[in-house]
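An overview of the molecular structure
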There are 2 protein chains.
Amino acid sequence: MPIMEIFSQGEEIVTGQTVDTNSAWLSERAVELGFTVSRHTAVGDKLGDLIALLKEIAQRADCCLCTGGLGPTSDDLTAEAVAAAFDLPLAFDEIAYRQIECYFGNRNRPMPATNRKQALLPQGAIRLDNDWGTAPGFAVRAGRCWFAFMPGVPSEMRGMFSERVKPLLSERFVLNPSRLITIKTLGIGESDIQQRLDGIELPEAVQLGFRAGIDEVQTKLLFPSDYPEEHMTTLTELVAARLDDFVFGIDGLSANTGNLAAVVDQLMRDAGKTLGVIETASQGLLAAKCPGATWLKSAAFERSLSALGLRFGVDVEENDLAASGVRLAKALQTQSSADFALVQLYAGSPAQFEDKDRTIILYNTLLTRDSLQQNRHDLGGPLGRKQNQAALLGLDLLRRHLQNRKI
Amino acid sequence: MPIMEIFSQGEEIVTGQTVDTNSAWLSERAVELGFTVSRHTAVGDKLGDLIALLKEIAQRADCCLCTGGLGPTSDDLTAEAVAAAFDLPLAFDEIAYRQIECYFGNRNRPMPATNRKQALLPQGAIRLDNDWGTAPGFAVRAGRCWFAFMPGVPSEMRGMFSERVKPLLSERFVLNPSRLITIKTLGIGESDIQQRLDGIELPEAVQLGFRAGIDEVQTKLLFPSDYPEEHMTTLTELVAARLDDFVFGIDGLSANTGNLAAVVDQLMRDAGKTLGVIETASQGLLAAKCPGATWLKSAAFERSLSALGLRFGVDVEENDLAASGVRLAKALQTQSSADFALVQLYAGSPAQFEDKDRTIILYNTLLTRDSLQQNRHDLGGPLGRKQNQAALLGLDLLRRHLQNRKI
């Protein structure tokens, strides 16, 4: 597969004033197209750094997508750097110039003299017309590498990539798009997953990867384009089976399932059921993860267990949270007239809750019209992680019930 | 000034699955400390690429902050790459091993065998203890460059940088830290801010910048290290005064105030007051933003206005949300026996709420023991933004009340 690098120019990026989102966006597109993205680099507005980097990349990569540094001001040096690095003197591009004039004309503004600079392109470059802003992009070949230079403004960059650069890439490279399949789990760690997958013989061509986020742990399988569909499915199902009931979704096989909240949202809509929730450790976060979900009728948070008992008119006992959960669930189901009542209680002092080195025990109770299910989990880590895990594990209990999985 | 590079490792970054926010965060800190950040680089999980990059940087930079690749799985190769690049064979670190055991012990989970790998550090490396997760970091000198390797998980990376790496940097480099002051506002846009600042003469040496985030808009003033403290304070106060009641916090002048929820948390603790909340548009997110805040007694969410009326036993009218808010606030204050009752209602259909091109009108009511205050805001943008803005504007009403600001 041809090797791709991504290059971002801008002082605001290297100084951290701006988070570079262009590189991630371009990389996703490049991988989809069948490039191997090997490196991202960002440098500031120093001509020497730019020239050095361009020369490096010209020797290392087959293709490079570049953003930024095409503006009208003195710190926009990309064209100048390309000219110097590859000995392609800047030439005035009449058409580019007229396009820039038009851009200002259309907005009834005079064109500032400084913008003339944007019509200077390296000798022999292909002009990339910019229908989304003033700065035209351009493409040049240097060494083994084909470079495309685009503006740094995300909206302009995305338009120019999709409309101008992508077609040129398909003409110039023999591409075999690869397939990424992502198996998404909750409640099982990266290393536990690795152990469960021990003994699965992966074909040489298939890449296995993992990513642990705050909301899910992902197991990723990257297949080459010529990999047979049925083998892809078989292998994915084999891996998913090892991860068993922890799997809440698989992206890339057929449709994408989205995050856990999206999966539960779909399941609840399909089931046509409604839900009422009592939150404690998650403190509103479970409800907050489902904005606009019409099946979520009500959510209640009370700081103290006794206040919760009073609010719902039932007896609650610190030392019997399982039974208290059932009583609260029944009262909630009646009062909210929802089909499902989900109650989360936890054992642990505020000090335990806030201490990242101590755990609390979460008790989940799910009462439906014809079933009562409970489970418990140890929650560790910082306050915010405990809160987030509590919200996710509540949603996952719903998911497991609706998918008839182990509770 | 010493030259700094930032290096991120991870296939998820070069393939664009994850936007690299660590580099921007670390760069900001490095610039504040007095480094010149010259380059960001990201590479994937290929040992060859890692080794090549480490060797490059060792010749180019005085210091390099690295994130990612310290996990337990087979695609976490950083330590191995450092060992190979700089001929520093991996050695088993007994203390690191025990810390990893403890991490699992504290969570009542057995330590998977694969995590042993994380206790292997390059010969002669300084271990960077990780109090925020399993993977210890480490620091080594190679060529002209001092490298610090940290985990890729942002929460772990930030903790380790602040507590472990920053002190070591100050020991090892002669730095003239510049001072960054950040004025944080809610409810006013970047261009409005710029207009309000028109006519303020900034000294040549002072850099002004802006950043619009989802939770706040930041106005940044960067002062050189030798800038007189009193002039810094005067200029900051001048800028803050122009932004008036929109300012909820200023970081960098004395202490950091943190985000809006942290500011409100401190104000509520100082005032010794308690709060009950009714959430609609924010759907639990207001309460969720204040985990462990003992002053927050209760939060209630109901999907329908009529259900809310039933729940609190008061009349509510779609066409008079201001009056309905007052009635609900009084009932809530009584039932929750909290000092403050905050009620959020909104006018708008579910369709309006979900449509990013349409707005809803948010009505905030704050009832205290001796005051009643209301305001309204138009909320636009995607569903998630409307939800988040509703939560923030509720907290900001509390902030304004407690600081005697304009409501």
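Residues numbered from 1 in each chain as written. Chains lettered and ligands numbered in written order. Predicted model: local features only at pLDDT ≥ 70, side-chain atom pairs only at ≥ 80, totals over all residues. Heavy atoms only, no water.

So, on to the overall build of chain A. On a plain count of helices and strands, chain A comes out with 14 helices and 17 strands. Relative to the 2.2 N^0.38 estimate, which gives 22 Å for 407 residues, the radius of gyration of chain A is 28 Å and therefore markedly larger than a compact globule would have. Each principal axis of the C-alpha distribution contributes one length, and for chain A these read about 85 × 55 × 40 Å. Per-residue burial for chain A yields a buried fraction of 55% across its 407 residues. The contacts of chain A with a sequence gap of at least 6 include a subset with a gap of at least 24, amounting to 65%. Treating the 41 positive side-chain charges of chain A as one cloud and the 51 negative ones as another, the clouds have centres 3 Å apart. (Helix = DSSP H or I, 4+ residues; strand = E, 2+ residues; numbered from the N terminus. Rg over C-alpha atoms; globule rule 2.2 N^0.38 Å. Buried < 20%, exposed > 50% of the residue type's maximum accessible area, 1.4 Å probe, protein only. Contact = heavy atoms within 4.5 Å. Lys, Arg positive; Asp, Glu negative; His and termini not counted. Charge placed at Lys NZ, Arg CZ, Asp CG, Glu CD.)

The next point concerns the environment of B:Ser371. All names here are of chain B. Along the chain, Ser-371 turns up in the loop between β16 (360-367) and β17 (372-379). Residues Ser-371 and Leu-169 lie 202 residues apart in sequence; the distance between their C-alpha atoms is 51 Å. Apart from residues lying up to four places away in sequence, Ser-371 is in contact with Leu-366 and His-401.

Residue and element names in this part refer to chain B. Of all the six residues making up strand β7 (residues 137-142), five are buried; the element is thus mostly covered by neighbouring parts of the structure. As judged from the five bridges shared by β7 and strand β8 (residues 145-150), these two strands associate in the antiparallel manner. When the bridges of β8 are listed, Ala-142 appears paired with Cys-145. Linkage of β7 to β8, two consecutive antiparallel strands, is achieved through a turn of two residues, within which Gly-143 is found at a positive phi near 60 degrees. (Pairing = 2+ DSSP bridges.)

This part covers unusual backbone geometry. Residues and elements named next belong to chain B. Phi angles above zero are rare outside glycine, and Asp-244 is one such case at about 55 degrees. Within the fold, Asp-244 resides in the loop between α8 (229-243) and β12 (247-251). Judged by its relative accessible area of 34%, Asp-244 is partly exposed. The backbone phi angle of Gln-283 is positive, close to 45 degrees, even though this residue is not glycine.

On to the side chain of A:Glu302. In this structure, A:Glu302 sits in strand β14 (residues 296-302). No salt bridge is formed by the buried A:Glu302; its nearest oppositely charged neighbour, B:Arg311, is found at 4.8 Å. Ignoring any residue separated from it by four or fewer positions in sequence, one finds A:Glu302 in contact with A:Glu279, A:Ala307, A:Leu308, A:Arg311, B:Lys297 and B:Ser298. (Salt bridge = Lys/Arg side-chain N within 4 Å of Asp/Glu carboxyl O.)

Let's shift gears to helix α9 (residues 260-271) of chain A. All names here are of chain A. The end-to-end C-alpha separation of α9 is 16 Å, in line with the 16 Å expected for 12 residues at 1.5 Å each. Those residues of α9 that fall on the buried side of the exposure criterion are Leu-260, Ala-261, Val-263, Val-264, Asp-265, Leu-267 and Met-268. For α9, the elements touching its buried residues are β12 (247-251), β13 (275-279), β15 (340-347) and α14 (383-402). Taking the backbone nitrogen of Ala-261 as reference, a side-chain oxygen 3.2 Å away marks Asn-259 as the first, capping residue of α9. (Expected span 1.5 Å × (residues − 1). Polar contact = N/O pair within 3.5 Å; in protein donor to acceptor, adjacent residues only side chain to side chain.)

Opposite the 66 residues of chain B that make contact, chain A presents 66 residues. Across the interface of chain B and chain A, roughly 5300 Å² is buried in total on both sides, 48% from carbon and sulfur atoms. Connecting chain B to chain A are four salt bridges. Here A:Arg60 and B:Glu56 are joined by a salt bridge, their closest N and O atoms 3.7 Å apart. On the surface where chain B and chain A come into contact, there are 32 residue pairs in polar contact (both at pLDDT 80 or more). (Buried area = accessible area lost by both parts, 1.4 Å probe.)

Ranked by size, the top nonpolar core spans 72 residues in total, and within it A:Leu275, A:Trp295, B:Leu275 and B:Trp295 carry the most contacts. Sequence-distant contacts of B:Leu275, that is, excluding residues within four places in its chain, are made with B:Met268, B:Trp295, B:Leu296, B:Lys297, B:Ser298, B:Ala338, B:Phe340, B:Ala341, B:Leu342 and B:Leu398. In this structure, B:Met4, B:Val165, B:Leu168 and B:Phe173 belong to the second largest nonpolar core, which totals 29 residues. (Core = buried A, V, L, I, M, F, W, Y, C linked by side-chain atoms within 4.5 Å.)

Per the stated rule, a full pass over the model turns up 50 salt bridges over all chains. Between A:Arg127 and A:Asp129 there is a salt bridge; the shortest N-O distance is 2.6 Å. Residue classification places A:Asp129 among the partly exposed positions, given a relative accessible area of 22%. Counted as one network, the salt bridges with shared partners bring together A:Glu5, A:Arg39, A:Glu56, A:Arg60, B:Glu5, B:Arg39, B:Glu56 and B:Arg60.

On to the packing of aromatic side chains. With the rule as written, the count across this model stands at 18 aromatic pairs over all chains. Between B:Tyr103 and B:Phe104 the ring centres are 5.6 Å apart and the planes differ by 85 degrees, which places this aromatic pair in the edge-to-face class. On the basis of relative accessible area, B:Phe104 is assigned to the buried category, the value being 3%. An aromatic cluster of at least three residues, connected via ring pairs, comprises A:Phe86, A:Phe138, A:Phe147 and A:Phe149. Here the guanidinium or amino end of A:Arg311 rests over the ring plane of A:Phe312, the centre of that ring lying 4.0 Å away. The aromatic ring of B:Phe246 is capped on one face by B:Arg400, whose charged end is 5.4 Å from the ring centroid. (Phe/Tyr/Trp six-rings, centres within 6.5 Å; stacked < 30°, edge-to-face > 60°. Lys NZ or Arg CZ within 6 Å of the ring centre and 35° of its normal.)

Turning next to the domain arrangement of chain A. Assigned domains of chain A: these are domain 1 (3-172), domain 2 (179-257) and domain 3 (261-402). Distance from the C-alpha centre of domain 1 of chain A to the C-alpha centre of domain 2 of chain A: 36 Å. (Domains from an automatic or database assignment.)

Our next topic: the sheet that holds strand β7 (residues 137-142) of chain A. On the basis of which strands lie adjacent, the open sheet formed by 12 strands has the order β6(A)-β7(A)-β8(A)-β3(A)-β1(A)-β2(A)-β2(B)-β1(B)-β3(B)-β8(B)-β7(B)-β6(B) and mixed pairing. Since the sheet does not close on itself, it has two edges, and those belong to β6 (126-128) of chain A together with β6 (126-128) of chain B, each with one partner. Taking the axes of each pair of neighbouring strands and ignoring which way they run, one obtains an average angle of 20 degrees across the sheet. Here strand β1 (residues 3-9) of chain A pairs with strand β2 (residues 36-43) of chain A via seven bridges, running parallel. Among the inter-strand pairings, A:Ile6 is bridged to a residue of β2(A), identified as A:His40. Sheet strands touched by helix α4 (residues 78-86) of chain A: β1, β7 and β8 (145-150) of chain A. Its angle to β7(A), the strand with the most contacts, is close to 15 degrees. (Axes fitted to C-alpha atoms, helices over the stretch in contact; angles between N-to-C directions.)

The next thing to look at is the sheet that holds strand β11 (residues 217-223) of chain A. Residue and element names in this part refer to chain A. Taken in spatial order, the four strands line up as β10-β11-β9-β12 in an open sheet, and their pairing is antiparallel. Every other strand in the sheet has two partners, leaving β10 (207-212) and β12 as the edge strands with one partner each. Across the sheet, the mean angle from the axis of one strand to that of its neighbour is 20 degrees, orientation sign disregarded. Where β10 lies against β11, six bridges are found, and the strand directions are antiparallel. Note that in β11 the partner of Arg-211 across the bridge is Gln-218. Relative to strand β9 (residues 179-185), helix α8 (residues 229-243) is tilted by about 20 degrees, and along the sheet it contacts β9, β11 and β12.

So, on to the packing of helix α2 (residues 22-33) of chain B against helix α6 (residues 154-172) of chain B. Residue and element names in this part refer to chain B. Two elements in contact, α2 and α6, have axes whose closest approach is 11 Å; the angle formed by their N-to-C orientations is 25 degrees. The angle between the axes of α2 and α6 places the two elements in the roughly parallel class. Relative to α6, the crossing made by α2 is right-handed. In this structure, α2 contributes Asn-22, Trp-25, Leu-26, Arg-29 and Leu-33 to the contact, and α6 contributes Pro-154, Met-157, Arg-158, Phe-161, Ser-162, Lys-166 and Leu-169. (Parallel < 35°, antiparallel > 145°, perpendicular 65-115°, else oblique. Left-handed = near helix turned anticlockwise from the far one by under 90°.)

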